[in-house]
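A closer look at the structure
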Amino acid sequence: MDITSSLAAVALIALIHASFQLSVSVLTLLGSHTIGARMSHKKVLSLISSYVFGATTMTLLIVSFASLIFLQAFGSEVPLMAWAIACAVVLGIGIAVWLFYYRKGAGTSLWISRGFARHLTTRSQKTTHPTEAFSLGLTSVIGELVFIVPTVVLSALILIGLPSGWQMIGLVVYTLFSLLGLLIVWALIGSGYSLSSIQKWREANKRFLQFSSGGALIVLGFFVYVTRVIAEAAGAM
Amino acid sequence: METGGTHIIKRHRRHGIEAFSKDKLQKSVVAACLSAGAHHGQAELVAKHVADAVEEWLEDRPEVTSSDLRLATAKQLKKYHADAAYLYEQHRMTI
């Protein structure tokens, strides 16, 4: 794959990451609590910006860490078996997203441990300092790890095949595209858009988001399997 | 301010039971109204009406669960500010 195609693939994979909703849910709650606690607009903006910065940092760290691990394990030539395992993970989690991503009933409750969900709800309620908001941003990305593993793994496998300078650019591309959803909600809250409208939109479209995230992962898994595993295996015969 | 003899049974056993607090309810309704874009004065007024109505509803109920209290509050809040009621209901269902 040439550099442009690799970066385009990383951007596309990052968009699937962007469709996952935990970070957006926590940001919506944080916005709601800070406005409800009569904080000034400047303070609200400072807290939600720190939160987004925390999520950015953790995304960058996770993708860098995965790339480093794969680089140490495989060098720049990823073995066929690693691609095949990655495809299985992507397909498996794609199906899991279709089946389990949102809990049944009203609201946008996600299929994460209820204890962790309560912890994030309580922390977003008690956050009054930008450092706490930054930590909350870090934590929310960790909480979403079970769903973003496929996108992180595939991006890391593509990134390590790039020349070293382009790997950094690839990392930035992944991080920026994966945060698009969060950045849109950040801009909406920052510009004073109604939180109830944001949450209503999220609730009304949750099944579509679930279907598109899971579907995109399944299509991606098949695509990578065909272009990487089958094509290379056929070429080697 | 704690009013009446009503006890609130919390969702999780470890949080136990606590006496109903009108002040606490009023503050949570004010927060929901402000989050929904209401002005401070409007939020205070709506919260007072809602808290009064909920207090009246609790008069003949010695014990209610926190979920029932939340539903009753949201029902009253809906009469004054639908968006705030929606955010109030969604609080535990966002994540």
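Residues numbered from 1 in each chain as written. Chains lettered and ligands numbered in written order. Predicted model: local features only at pLDDT ≥ 70, side-chain atom pairs only at ≥ 80, totals over all residues.

A few points about the overall build of chain A
Helix and strand counts for chain A stand at 11 helices and zero strands. For chain A, the α and β elements follow one another from N to C terminus as α-α-α-α-α-α-α-α-α-α-α. Relative to a compact globule of 237 residues, whose C-alpha radius of gyration would be 18 Å, chain A shows 19 Å and is just as compact. The principal-axis extents of the C-alpha atoms in chain A amount to approximately 65 × 40 × 30 Å. Put simply, chain A has 237 residues, and 42% of those count as buried. Summarising the internal contacts of chain A: among those between residues at least 6 apart in sequence, 86% fall at separations of at least 24. (Helix = DSSP H or I, 4+ residues; strand = E, 2+ residues; numbered from the N terminus. Rg over C-alpha atoms; globule rule 2.2 N^0.38 Å. Buried ≥ 20, exposed ≤ 12 C-beta atoms within 10 Å, placed from the backbone. Contact = placed C-beta atoms within 7 Å.)

Here we look at the nonpolar core
If you look at the biggest cluster of nonpolar residues, it comprises 85 residues, and the most contacted ones within it are Leu27(A), Leu30(A), Tyr51(A), Val29(B), Ala32(B), Cys33(B) and Ala84(B). A total of nine residues in this core trace back to one element, the largest contributor, which is helix α3 (residues 41–74) of chain A. (Core = buried A, V, L, I, M, F, W, Y, C linked by C-beta atoms within 7 Å.)

Considering the environment of His40(B)
All names here are of chain B. Residue placement: His40 occurs in helix α2 (residues 40–58). Note on His40: 11 C-beta atoms within 10 Å, which makes it exposed. When the C-alpha atoms of His40 and Ile8 are compared, they prove to be 28 Å apart, with 32 residues separating the residues in sequence.

Quick notes on helix α6 (residues 130–143) of chain A
The first and last C-alpha atoms of α6(A) sit 20 Å apart over 14 residues, in line with the 20 Å expected at 1.5 Å per residue. Buried residues in α6(A) make contact with α2 (22–36), α3, α5 (114–126) and α7 (145–159) of chain A. (Expected span 1.5 Å × (residues − 1).)

Observations regarding the environment of Thr121(A)
Residues and elements named next belong to chain A. Its location among the elements puts Thr121 in helix α5. Classification of Thr121 as partly exposed rests on a count of 18 C-beta atoms within 10 Å. Placed 62 residues apart in sequence, Thr121 and Thr59 show a C-alpha to C-alpha distance of 21 Å.

Topic: the confidence of the model for chain B
Residue and element names in this part refer to chain B. The share of residues in chain B with pLDDT of 70 or more is 92%, and the mean pLDDT across the chain is 91. Looking across chain B, the model is least confident in strand β1 (residues 2–9), with a mean pLDDT of 75, and most confident in α2, with 97. Scored as a complex, the prediction yields pTM 0.92 and ipTM 0.87. (pLDDT = per-residue confidence, 0-100.)

Concerning the interface of chain A and chain B
Across the boundary between the two partners, chain A contributes 23 residues, which contact 13 residues of chain B. Elements with a minimum of two residues in the side of chain A that touches chain B: α2, α5 and α10 (195–204) of chain A. The element contributing the most residues to the side of chain A that touches chain B is α2(A), with eight residues. For the side of chain A that touches chain B, a count of residues per class yields 10 nonpolar, 11 polar and two charged. (Nonpolar A, V, L, I, M, F, W, Y, C, P; charged D, E, K, R; others polar.)

Quick look at the packing of helix α1 (residues 22–35) of chain B against α2(B)
Packed helices, taken two at a time, are described by their axes: the angle between them and the distance between them. Residues and elements named next belong to chain B. As a packed pair, α1 and α2 sit with axes 8 Å apart at the nearest point and diverge in direction by 140°. Here α1 lies oblique to α2, going by the angle between them. The element α1 and its partner α2 pack so that their crossing is right-handed. Side by side, α1 and α2 meet where Lys22, Leu25, Gln26, Val29, Val30, Cys33 and Leu34 of the first sit next to Gln42, Ala43, Glu44, Val46, Ala47, Lys48, Val50, Ala51, Val54 and Glu55 of the second. Residues belonging to the contact of α1 with α2 are distributed by class as follows: 11 nonpolar, two polar and four charged. (Axes fitted to C-alpha atoms, helices over the stretch in contact; angles between N-to-C directions. Parallel < 35°, antiparallel > 145°, perpendicular 65-115°, else oblique. Left-handed = near helix turned anticlockwise from the far one by under 90°.)

A look at α1(B)
Helix length check: α1(B), at 14 residues, gives a terminal C-alpha distance of 20 Å against a target of 20 Å (1.5 Å per residue), a fit within 8%. Check the buried side of α1(B) and you find it contacts α2 and α10 of chain A together with β2 (17–21), α2, α3 (66–80) and α4 (82–90) of chain B. Gly37(B), located one to two residues past α1(B), shows a positive phi value of around 95°.

Quick notes on the packing of α2(A) against α10(A)
All names here are of chain A. Relative orientation of the contacting elements α2 and α10 amounts to 155°, with a least axis distance of 10 Å. Considered as vectors, α2 and α10 are oriented roughly antiparallel to each other. Handedness of the crossing formed by α2 with α10: left-handed. Residue-level contacts link Thr28, Gly31, Ser32 and Ile35 of α2 to Leu195, Ile198 and Gln199 of α10. Split by residue class, the contact of α2 with α10 holds three nonpolar, four polar and no charged.

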